[in-house]
Amino acid sequence: MSEHTYPSVKDLTLEEKASLTSGGDAWHLQGVEAKGIPGYMITDGPHGLRKSLATSTGETDLDDSVPATCFPPAAGLSSSWNPSLVRKVGEAMGEECIQEKVAVILGPGVNIKRNPLGGRCFEYWSEDPYLAGHEAVGIVEGVQSKGVGTSLKHFAVNNQETDRLRVDARVSQRALREIYLPAFEHIVKTAQPWTIMCSYNRVNGVHSAQNRWLLTDVLRDEWGFKGIVMSDWGADHDRVASVNAGLNLEMPPSGTDDEIVYAARDGRIDPAQLDRMAQGMIDLTDKARAAMSIDGYRFDVDAHDEVAHQAAVESMVLLKNEDAILPLKKDAKIAVIGEFARTPRYQGGGSSHITPTKMTSFLDTLAERGIKADFAPGFTLDLDPADSALELEAVETARDADVALLFLGLPEAAESEGFDRETLDMPAKQIELLAKVAAVNPNVAVVLSNGSVVSVAPWAGNAKGILESWLLGQAGGPALADVIFGEASPSGKLAQSIPLDINDDPSMLNWPGEEGHVDYGEGVFVGYRYYDTYDVAVDYPFGYGLSYASFEISDVHAEKTGANTASVTATVANVSDVDGAETVQVYVAPGKAEVARPSHELKGFAKVFLKAGESKTVTFDLDGRAFAYWSEKYGDWHIEAGAYGIEVGTSSRDIAATATVELEGDGKSLPLDEWSTYGEWEADPVGARVVAAVEAAGESGTLPKLPDNTMMRIFLKSMPINSMPMLMSDGGRRITAFMLDEYAKLTK
Ligand code: BGC
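Residues numbered from 1 in each chain as written. Predicted model: local features only at pLDDT ≥ 70, side-chain atom pairs only at ≥ 80, totals over all residues. Heavy atoms only, no water.

Peer 1: Please set out the overall build of the protein residue by residue, giving values where relevant.
Peer 2: Helix and strand counts for the protein come out as 21 helices and 30 strands. Principal-axis analysis of the C-alpha atoms gives the protein an extent of 95 × 70 × 50 Å. A buried classification covers 62% of the 748 residues belonging to the protein. Residue pairs in contact within the protein that sit at least 24 positions apart in sequence constitute 75% of those at least 6 positions apart. Accessible surface computed for the protein: about 27500 Å², of which carbon and sulfur atoms make up 50%. Averaging the coordinates of the 65 positive side-chain charges in the protein and doing the same for the 111 negative ones gives two points 4 Å apart. (Helix = DSSP H or I, 4+ residues; strand = E, 2+ residues; numbered from the N terminus. Buried < 20%, exposed > 50% of the residue type's maximum accessible area, 1.4 Å probe, protein only. Contact = heavy atoms within 4.5 Å. Areas by Shrake-Rupley, 256 points an atom, 1.4 Å probe, with all protein chains shown as cover. Lys, Arg positive; Asp, Glu negative; His and termini not counted. Charge placed at Lys NZ, Arg CZ, Asp CG, Glu CD.)

Peer 1: Can you break down the environment of Lys 113 residue by residue, with the values?
Peer 2: Along the chain, the position of Lys 113 falls in the loop between β5 (102-106) and α4 (129-144). According to the relative accessible area criterion, Lys 113 is buried, its value standing at 4%. C-alpha of Lys 113 to C-alpha of Ile 187: the two residues are 74 residues apart in sequence and 18 Å apart in space. Contact partners of Lys 113, with chain neighbours within four places excluded, come to Ala 75, Cys 121, Tyr 124, Trp 125, Ser 126, Glu 127, Gln 496 and Val 526. Within the local environment of Lys 113, its side chain forms a polar contact with the backbone oxygen of Cys 121, the two atoms lying 2.8 Å apart. (Polar contact = N/O pair within 3.5 Å; in protein donor to acceptor, adjacent residues only side chain to side chain.)

Peer 1: Residues and numbers for the sheet that holds strand β16 (residues 403-409), please.
Peer 2: A sheet is described by the order of its strands in space; here six strands give the open sequence β12-β18-β17-β16-β13-β15, paired in mixed fashion. Either end of the sheet is taken by a strand with one partner, and the two such strands are β12 (317-321) and β15 (374-376). Within the sheet, the average angular offset between the axes of one strand and its neighbour, ignoring direction, is 15 degrees. Sheet topology note: the strand β13 (residues 334-337)/β15 ladder contains three bridges and is parallel. (Pairing = 2+ DSSP bridges. Axes fitted to C-alpha atoms, helices over the stretch in contact; angles between N-to-C directions.)

Peer 1: Report on the UniProt feature "domain: Fibronectin type III-like" (unreviewed entry) in the protein, specifying residues and quantitative values.
Peer 2: Following the UniProt record, the feature "domain: Fibronectin type III-like" (unreviewed entry) maps to residues 582-652 here. Annotated as 0% helix and 61% strand, the span residues 582-652 places its first and last C-alpha atoms 14 Å apart. (UniProt positions renumbered as here; feature names shortened; annotations may be inferred.)

Peer 1: Which residues make up the pairing of strand β25 (residues 601-610), and what are the values?
Peer 2: The buried fraction of β25 amounts to nine of the 10 residues, a majority that puts the element mostly inside the structure. Bridge analysis of strand β24 (residues 580-590) against β25 gives nine bridges, and the strand direction is antiparallel. When the sheet's bridge partners are listed, Val 586 is paired in β25 with Gly 604.

Peer 1: Could you give an account of the packing of aromatic side chains, with specific residues and numbers?
Peer 2: Evaluated as defined, the whole model comprises 18 aromatic pairs. Here Trp 630 and Trp 637 contribute two aromatic rings whose centre-to-centre distance is 5.4 Å and whose plane-to-plane angle is 85 degrees, an arrangement assigned as edge-to-face. Assessed through its relative accessible area of 7%, Trp 630 is described here as buried. Among the aromatic residues, those joined into a ring-pair cluster are Trp 81, Tyr 130, Tyr 528, Phe 542, Tyr 587 and Phe 605. Above the ring of Tyr 520, the side-chain terminus of Arg 114 is found at 3.9 Å from the ring centroid. Taking NZ or CZ as reference, Arg 177 lies 4.2 Å from the ring centre of Trp 630, over its face. (Phe/Tyr/Trp six-rings, centres within 6.5 Å; stacked < 30°, edge-to-face > 60°. Lys NZ or Arg CZ within 6 Å of the ring centre and 35° of its normal.)

Peer 1: Outline the site of the ligand, supporting the account with residue identities and numerical values.
Peer 2: Taken together, 14 residues are adjacent to the ligand, and Asp 44, Arg 120, His 154, Tyr 200 and Asp 232 come closest. Note that an oxygen atom of the ligand is positioned 3.5 Å from one of the side-chain N or O atoms of Arg 164. Taking Glu 417, its side chain carries an N or O atom lying 3.4 Å from an oxygen atom of the ligand. Within the complex, the protein chains bury 94% of what would otherwise be the 310 Å² of accessible surface of the ligand. When its residues are assigned to classes, the shell around the ligand shows five nonpolar, two polar and seven charged. (Near = heavy atom within 4 Å. Nonpolar A, V, L, I, M, F, W, Y, C, P; charged D, E, K, R; others polar.)

Peer 1: Please set out the nonpolar core residue by residue, giving values where relevant.
Peer 2: Trp 125, Phe 155, Val 157, Tyr 180, Met 230 and Trp 233 are the most contacted members of the largest nonpolar core, which totals 96 residues. Viewed by domain, this core spans two of them, domain 1 (9-30 + 40-54 + 61-292) and domain 2 (313-539), each represented by three or more residues. When neighbours within four sequence positions are excluded, Met 230 is seen to be in contact with Ile 42, Val 104, Leu 106, Ser 151, Thr 195, Ile 196, Met 197, Cys 198, Leu 247 and Leu 249. Counting 73 residues, the second largest nonpolar core, distinct from the first, contains Leu 318, Val 444, Ile 466 and Leu 472. (Core = buried A, V, L, I, M, F, W, Y, C linked by side-chain atoms within 4.5 Å. Domains from an automatic or database assignment.)

Peer 1: Report on the domain arrangement of the protein, specifying residues and quantitative values.
Peer 2: In terms of domain boundaries, the protein breaks down into domain 1 (9-30 + 40-54 + 61-292), domain 2 (313-539), domain 3 (549-663) and domain 4 (678-746). Listed as interface residues are 16 residues of domain 1 and, on the opposing side, 18 residues of domain 3. Together domain 1 and domain 3 conceal approximately 1400 Å² of surface at their shared face, both sides included; 58% is due to carbon and sulfur atoms. Sorting the residues of domain 1 by area buried against domain 3 places Trp 81, Tyr 130 and Arg 174 first, and these three jointly supply 47% of that buried surface. At the junction of domain 1 with domain 3, the criterion picks out one salt bridge. (Buried area = accessible area lost by both parts, 1.4 Å probe. Salt bridge = Lys/Arg side-chain N within 4 Å of Asp/Glu carboxyl O.)

Peer 1: Give me the side chain of Glu 161: which residues, what numbers.
Peer 2: Checked against the element boundaries, Glu 161 lands in the loop between β6 (149-155) and β7 (168-170). In this view, Glu 161 contacts Gly 119, Arg 120, Glu 417, Gly 418, Phe 419 and Asp 420; residues no more than four positions away in its chain are not counted.

Peer 1: Go over the pattern of salt bridges with me, naming the residues and quoting the values.
Peer 2: This structure, assessed with the given rule, holds 53 salt bridges. Two residues, Arg 239 and Asp 236, come together in a salt bridge whose shortest N-O distance is 4.0 Å. Asp 236 carries the same exposure label as Arg 239, and that label is buried. In this structure, Glu 601 and Arg 597 form a salt bridge, with 3.9 Å as the shortest nitrogen-oxygen distance. We note that Glu 601, like Arg 597, is buried. Several salt bridges share partner residues, and in doing so they unite Arg 120, Glu 123, Glu 161, Arg 164 and Glu 417 into one network.

Peer 1: A description of the layout of surface pockets should follow, citing residues and the corresponding values.
Peer 2: Its boundaries defined by the atoms lining it, the largest pocket holds a volume of some 590 Å³. For the largest pocket, the lining is made up of 23 residues, of which Glu 594, Lys 633, Tyr 634, Ala 683 and Asp 684 are closest to its centre. Among the elements that line the lining of the largest pocket, the one with the most residues is helix α18 (residues 678-683), at three residues. For the lining of the largest pocket, the residue count by class is eight nonpolar, six polar and nine charged. Counting contributing residues per domain, the lining of the largest pocket is built from domain 3 (549-663) and domain 4 (678-746), each supplying no fewer than three. If you list the elements that add at least two residues to the lining of the second largest pocket, you get α4, α5 (173-180), α6 (182-191), β25 and β26 (615-622). At five residues, α6 tops the list of elements feeding residues into the lining of the second largest pocket. Of the residues contributing to the lining of the second largest pocket, the split by class is seven nonpolar, three polar and 11 charged. Counting contributing residues per domain, the lining of the second largest pocket is built from domain 1 (9-30 + 40-54 + 61-292) and domain 3 (549-663), each supplying no fewer than three. (1 Å grid on protein atoms, 1.4 Å probe; cavity = no way out; pocket = protein on both sides within 12 Å on 5 of 7 lines; lining within 4 Å. Points joined across faces, edges and corners; volume = space filled by probe spheres on them.)

Peer 1: Hey, could you go over the environment of Asp 577 for me, with residue numbers and the actual values?
Peer 2: Mapping Asp 577 onto the fold places it in the loop between β23 (565-574) and β24. With relative accessibility at 71%, the residue Asp 577 sits in the exposed group.

Peer 1: Tell me about the packing of α4 against α6, and name the residues and values.
Peer 2: In the contact formed by α4 and α6, the axes pass within 8 Å of each other and the chain directions differ by 35 degrees. Along this stretch, α4 crosses α6, giving a crossing that reads as right-handed. Across the interface between the two elements, Pro 129, Ala 132, Gly 133, His 134, Ala 136, Val 137, Val 140, Glu 141 and Gln 144 from α4 touch Pro 182, Ala 183, His 186, Ile 187, Thr 190 and Ala 191 from α6. Its residues assigned to classes, the contact of α4 with α6 shows nine nonpolar, five polar and one charged. (Left-handed = near helix turned anticlockwise from the far one by under 90°.)

And the structure:
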């Protein structure tokens, strides 16, 4: 540990080391003043800074925080499919942390949106781990480029709010490795977040804070994580077990540092483990020291608002645009209906609640830009029944307009951290209002505000246009105006499938669990991996999103660059007279596999900005992991030899062209034994030589001949060879013995 410049853990007393493993208060690390270790501030996250004004009381005050730029929450930003934009957001957040002397911002959260009803879907990125990891990494890189840390959360498997503090998420190793861990893995390996926050729940029986397999075996030993792990707020239930598992920091502190001291003295904690955990805390402080020493820094409020604005523009997904109802003409007679146009729902509820530096609603923006429109709120933003006077006013406002722009969505009471939604539907009063407006004016465009998917199909017939705007942060008003009036073309793509019915969702059979546990019975078949593999109709597929421009993908080629790697190129052309952006998506479709695999999985994407008439060629490099699955048999990633389709398209259901590569496979094989089936012997290179010897011996008469009847051969194929006597009695025993003998000789 001599490489550390200031105090090494060796310079600390046992009590001081123990003290470093818990916070100083709810929002500070516990420094060791005597040794020059400061107790820096750490605070929420994730889509902007929530520095509570009641900083040291430890009480949760979700609304009282210093003004900070409110960027679009992940529900929106993830739809941008633009990692470099995400990075800009991260850089801006890092600067705000410097001003506010915050050493670590608590985010991003990259748990998988397993089910759209999940209460925190608004602050998670996607149903797809590749997309989640490759976008959210921008936050980590951006913030940390400013010398401030991030806390990648919630590690791991926090996919529901119901019973979140104790639920046991029971997940197969394969689903963990392929779905629930890869976003964390990618970010750890490429960006080394300074900290990781564990989740509240249990993972396969063990609370995350005490889960050595997660915090040490996988995170540090396999992935090479160098930072510290902190508990989610109140997630550490056993200080000693947590330190032993690899948790560096208990937040907020429970005042039990003595327990760590006693445990280190009586051998329940290995002193070397305590040293590692405490040294991690010293290193974290050391990393933040330069940025935290900057005094008087002021971030550029307007420049950050502009970043939030750009991010909001790219967060919107145009779902439907019949008769090109959008963009609107500024001089059209426009009726704006819906309270959300005046009182935007711009962020989610709970610990991520930010006090924005500015707030411009859509109506404010119209006024600022001198665009005339008649407004009627139509409904109230609560769960009360419809108000007929408001409805009547809205219908009358819409009646003579050229177009009615309806702002609908989920009010805050319907969606937040802390609980899961019970229905995919929007409040009935809004759907009814839409029907009434559509009855007097067929030119209706709906703008949606919601943190997670809502059902669209039941009411879509009443709207010619549907713009899914998610939660857009503080600059949603101007961003909406840009898109609605055509200053910018919509370019967002769905990071989450929109099902026709929530009961189509593969996790519904096990949602949200019972008696303290939830079984992830759908395994790796989450979201489009299920819908596309089992051909289940969806309303709007993963990756989908329209533009005012039109694009064409052509010249799709794939070639092998190694035994199990490939490079893909495709040309994308803007074939319209409007500027815009298309996101080219690459899905790998495994052929026949030994395990049940999704029909295809996202393994690359590129958002390409194209002027009218312009075209560009994009290249994607696919590494071995793009083709691998997690094999429980090998306890490792496994690439089977064979043909793989490489699909290039604009959503999981709009594939423009498919190229094929023939991979050699990773050559992994397990030793054969009496429990290996005859078919497994045939498929194995050495086993096949033994099988050939058995057949030859059968021909020459030195061993009994294997049955050649088709049915018997089918039985034989799936039979462990120690069951051969079932088919051939004593002769079978001789064959088994011969095979094991030959194999031993060949593998000696
Ligand atoms: C949330 C975390 C948050 C922490 C601190 C917890 O309840 O799960 O995401 O960072 O509180 O506010």
